[in-house]
Amino acid sequence: CMKDYGGFEHNLQSLRVVDILEKKYASFNGLNLTYEVREGILKHCSKKNAKELGELGQRFIHGYEPSLEAQIVNFADEIAYIHHDIDDGFRSSIFNFKLLETNIFFNKVSNEIKTHYINIAPEQFLNEILRAMMNLIISDLCAHSQRSIKQYNPQSSEEVRLRKPLIGFSDGMNKHFSELKKFSREHLYQHNRVQEMGNQARMVIQGLFNFFRGHYEKIPLSYRSNENESEERNIADYIAGMTDRYANQLVIEYKL
């Protein structure tokens, strides 16, 4: 929807929320967050948009690493996604144990859990497997990262930025983690039911975007008051902040 109006990147939108859209203080817009926190929000950014961000965009232009804290948050984000992907896939019946156990890492942990528990409910069994997997993944991340930090012994945040990432997995766990992400991509994200939900979401967003372009007065005044932005950008800000339920309610209300 925004390709002809400056584009849209979800990481940039998160930064936009904390820098511009939040209006908690009388003397300035945004939340007045530190450079490091704002940098950590930008996990990805195109070089084109990075050039518009001044100092904050330099690491994307020059290939620098973010702070150690941001590196940790990036991994925490991915680890949480893996956990929830497996749980969601199982609860929605897209996954079953037979399919899940085709993944080497899941299968290994599953066999270990079976030696400790007999005749437990399927959801309990899955929860025990996920707990054990997360423990192994997080423990490996902590141990390998600690070794890397000790080996390179950075003395400043600048040294951290100029080195290869210091937070990460061992080679073995990195392979397991990559295979888990590949498993989710192939069996969950590319599943027909999930693809259909994605198509429905696109229709909802496109419908709302087109509707508000023709009925700009319908978006809240707090968004229309951003006079330095185009109407399309203000509409995008509004839609990007919606929950799924609210967006669907508007579709019904406006008969889109």
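Everything that follows concerns the structure shown earlier in this document.
Since the structure is predicted, the reported quantities are computational estimates derived from the model, not experimental observations.

Engineer: Describe the nonpolar core, with residues and values.
Structural biologist: In terms of nonpolar packing, the biggest core is built from 28 residues, with Ile86, Met133 and Ile137 touching the most fellow members. At the level of secondary structure, the elements contributing two or more residues to this core comprise helix 5 (68–91), helix 6 (97–100), helix 7 (104–114), helix 8 (122–152) and helix 10 (171–189). It is helix 8 that provides the largest number of residues to this core, a total of 8 residues. Not counting residues within four places of it along the chain, the set of residues in contact with Met133 comprises Ile86, Phe105, Phe106, Val109 and Leu180. Core analysis: the second largest hydrophobic core is formed by 17 residues, Phe211, Phe212, Ala236 and Ile239 among them.

Engineer: How would you sum up helix 8? Please name residues and give values.
Structural biologist: Taking 1.5 Å of rise per residue, the 31 residues of helix 8 would be expected to cover 45 Å, and the 45 Å separating its terminal C-alpha atoms lies within 8% of that figure. For helix 8, the set of buried residues is Phe125, Leu126, Glu128, Ile129, Leu130, Met133, Met134, Ile137, Asp140, Leu141, Ser145 and Ser148. Against the buried residues of helix 8 lie helix 5, helix 6, helix 7 and helix 10. Asn153, located one to two residues past helix 8, shows a positive phi value of around 45°.

Engineer: Run through the side chain of Ser170, naming residues and quoting values.
Structural biologist: By the secondary structure assignment, Ser170 is in the loop between helix 9 (157–162) and helix 10. Contact partners of Ser170, with chain neighbours within four places excluded, come to Asp140 and His144.

Engineer: Provide a residue-level description of unusual backbone geometry, including the pertinent values.
Structural biologist: Residue Asn119 is not a glycine yet carries a positive backbone phi of 55°. Of note in this structure, Asn153 is not a glycine but carries a positive phi near 45°. The exposure class assigned to Asn153 is partly exposed, which follows from its relative accessible area of 46%.

Engineer: So what about the layout of surface pockets? Which residues, and what values?
Structural biologist: Here the idea is plain: a probe the size of a water molecule rolls over the atoms and shows the empty space left. Taken as a whole, the largest pocket spans an internal volume of roughly 800 Å³. Only helix 11 (192–214), helix 13 (231–240) and helix 14 (244–253) provide two or more residues apiece to the lining of the largest pocket. At 6 residues, helix 11 tops the list of elements feeding residues into the lining of the largest pocket. Here the lining of the largest pocket is composed, by residue class, of 13 nonpolar, 4 polar and 2 charged.

Engineer: Give me the lowdown on the packing of aromatic side chains, citing residues and values where you can.
Structural biologist: According to the stated counting rule, one finds 13 aromatic pairs in the structure shown. Members of the aromatic cluster, connected to one another through ring pairs, are Phe211, Phe212, Tyr223, Tyr238, Tyr246 and Tyr254.

Engineer: So what's going on with the packing of helix 8 against helix 10? Which residues, and what values?
Structural biologist: Remark: helix 8 packs on helix 10, axes separated minimally by 10 Å, with the N-to-C direction vectors making an angle of 130°. Of the possible angle classes, the one that applies to helix 8 and helix 10 is oblique. Handedness of the crossing formed by helix 8 with helix 10: left-handed. Note on element contacts: helix 10 touches helix 8 through Met173, Phe177 and Leu180, opposite Met133, Leu136, Ile137 and Asp140. In terms of residue class, the contact of helix 8 with helix 10 is made up of 6 nonpolar, no polar and 1 charged.

Analysis parameters
- Residues numbered from 1 in each chain as written.
- Predicted model: local features only at pLDDT ≥ 70, side-chain atom pairs only at ≥ 80, totals over all residues.
- Heavy atoms only, no water.
- Core = buried A, V, L, I, M, F, W, Y, C linked by side-chain atoms within 4.5 Å.
- Buried < 20%, exposed > 50% of the residue type's maximum accessible area, 1.4 Å probe, protein only.
- Helix = DSSP H or I, 4+ residues; strand = E, 2+ residues; numbered from the N terminus.
- Contact = heavy atoms within 4.5 Å.
- Expected span 1.5 Å × (residues − 1).
- 1 Å grid on protein atoms, 1.4 Å probe; cavity = no way out; pocket = protein on both sides within 12 Å on 5 of 7 lines; lining within 4 Å.
- Points joined across faces, edges and corners; volume = space filled by probe spheres on them.
- Nonpolar A, V, L, I, M, F, W, Y, C, P; charged D, E, K, R; others polar.
- Phe/Tyr/Trp six-rings, centres within 6.5 Å; stacked < 30°, edge-to-face > 60°.
- Axes fitted to C-alpha atoms, helices over the stretch in contact; angles between N-to-C directions.
- Parallel < 35°, antiparallel > 145°, perpendicular 65-115°, else oblique.
- Left-handed = near helix turned anticlockwise from the far one by under 90°.

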